[in-house]
Amino acid sequence: MTALLELRNVTKVYSSGMFGRATVTALADVSLAIGDERPTIIAIAGESGSGKTTLWRLLLGVISPTKGQILYNGIDLTNMGRDQRREFRREVQPIFQDPFEVYNPFYPVDHVLAMPVRKFHLAESKRDERRMILDALEMVGLRPDETLGRYPHQLSGGQRQRVMVARSLLLKPRVILADEPVSMVDASLRATILDSIRKMNRELGITVVYITHDLTTAYQVCENIVVLYRGSIAEAGSIERVIKDPKHPYTRLLVHSIPQPNPKRKWGGDVPMVVAGEIGTPQDACKFVDRCPFAMPMCRESAPPLYRITRDQVASCFLYRDAPVLQQDAIGDVLAPAGEPSTPATNGRKAHGEV
Ligand code: SF4
């Protein structure tokens, strides 16, 4: 099976300082595969510094890996020919955390919508272009008469973000890479944007990679999740399993810190207090060892591989060393479990904190 999007042993190191002597490893030997059998919504979750934005930029092809490969439809992004790259640019669309930066303040927002249609020759006439733009705006819940002709500063943050979602839809992409798309909009609009993301997946068959630090919204819209910690996968699998029964001590910490509107209901059971750790972890050790209440001597000697705890859940933690080690190329199976066609991510699932 050829994956739609795949990372093979990807490492990304940034250099800084004089002569590039200081280096930071943003991603370390990460493998990931998103299948092409059916569209899905997958969350890449983690705190600031986990490597999730680096992963987003790598998938978009705006930066290259230091080591490893990124493939789209089996083709290495760095080896794409001109036509393949053009196709990739149309089929894989970004949504930015701060849409304001994408707009040219001197043009009404119509410009940002019409540009891709013209660039990729998607409309046969002006009238056709207009119809496509109206359809895309309506798809994201915007009224064209209240949107077109306005300048970016005349729209709210939520409207600007929805215009960017509409812009992506115009290109009929196969994949949308959304970087924290709701982190800068207020709660009342969050639900509308998340709803647009669900619609893209269910009605238009688009695969969405949802980059977030927020497990609540990930749980609302996603089917699978990859939790990153300091540039490595800590845990991955179906979102139901990972959120309701997190295995990695770091994921438990994240789940445990989700606000609880109902104090009687717990996510993930009791989690021991995690000690605040110094980031002085020995190289080759588990990256979480200084914060982990379950740390054992072996955790300081080598980094744990990903263990396949169940069919659709893996964790990089020696607590599960009796489980089989995940084969490098099997991560796609974990993230796209066989069986019933996807009941869209949540089927109306509500998460804690949803208004
Ligand atoms: Fe904790 Fe050891 Fe598991 Fe790392 S490998 S998360 S230190 S128990």
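Let me begin by describing the structure that accompanies this report.

Definitions and cut-offs
- Residues numbered from 1 in each chain as written.
- Predicted model: local features only at pLDDT ≥ 70, side-chain atom pairs only at ≥ 80, totals over all residues.
- Heavy atoms only, no water.
- Pairing = 2+ DSSP bridges.
- Helix = DSSP H or I, 4+ residues; strand = E, 2+ residues; numbered from the N terminus.
- Contact = heavy atoms within 4.5 Å.
- Axes fitted to C-alpha atoms, helices over the stretch in contact; angles between N-to-C directions.
- Buried < 20%, exposed > 50% of the residue type's maximum accessible area, 1.4 Å probe, protein only.
- Phe/Tyr/Trp six-rings, centres within 6.5 Å; stacked < 30°, edge-to-face > 60°.
- Core = buried A, V, L, I, M, F, W, Y, C linked by side-chain atoms within 4.5 Å.

1. Thoughts on the sheet that holds strand S1 (residues 5-16)
The strand order across the open sheet formed by four strands is S2-S1-S4-S5, and the pairing between neighbours is antiparallel. Edge positions in the sheet fall to strand S2 (22-34) and strand S5 (75-76), since each has one partner strand and no second. Sheet topology note: the S1/strand S4 (residues 67-72) ladder contains five bridges and is antiparallel. Note on S4: the bridge partner recorded for threonine 11 is lysine 67. Helix H1 (residues 52-60) rests against S1, S2 and S4 of the sheet, and its axis sits at about 115° to S1.

2. Things to note about the environment of glutamine 93
With respect to the helices and strands, the residue glutamine 93 is situated in strand S6 (residues 92-95). What makes glutamine 93 buried here is its relative accessible area of 3%. A C-alpha to C-alpha distance of 6.4 Å links glutamine 93 and proline 173, two positions 80 residues apart in sequence. If we ignore the near neighbours within four places in the chain, the residues touching glutamine 93 are Arg167, Ser168, Leu171, Pro173, Val175, Ile176 and Leu177.

3. Overview of the packing of aromatic side chains
For the structure on display, the rule yields six aromatic pairs. Centroid distance tryptophan 56 to phenylalanine 96: 5.6 Å. Interplanar angle 85°. Geometry classified as edge-to-face. Remark: phenylalanine 96 occurs in the loop between S6 and helix H3 (110-119) and tryptophan 56 occurs in helix H1; sequence separation between them is 40 residues. Accessibility expressed as a relative area gives 6% for tryptophan 56, which makes it buried. An angle of 70° between the planes, with centres 5.3 Å apart, marks the rings of tyrosine 72 and phenylalanine 88 as edge-to-face. With tyrosine 72 in strand S4 and phenylalanine 88 in helix H2 (residues 82-91), this pair connects stretches of sequence that are 16 residues apart. Both residues of the pair, tyrosine 72 and phenylalanine 88, count as buried. Members of the aromatic cluster, joined through ring pairs, are Tyr229, Tyr250 and Phe288.

4. Describing the nonpolar core
Counting 65 residues, the largest nonpolar core has Leu113, Val163, Met200 and Tyr210 as its most contacted members. Of all the elements, helix H6 (residues 157-170) adds the most residues to this core, at six residues. With residues near it in sequence (within four places) discarded, leucine 113 still touches Ile133, Leu137, Leu148, Val163, Ala166, Arg167 and Leu170. Within the second largest apolar cluster, 39 residues are counted, among which are Trp56, Leu59, Tyr72 and Ile233.

From the geometry alone we can't say anything about function, so treat these as descriptive.
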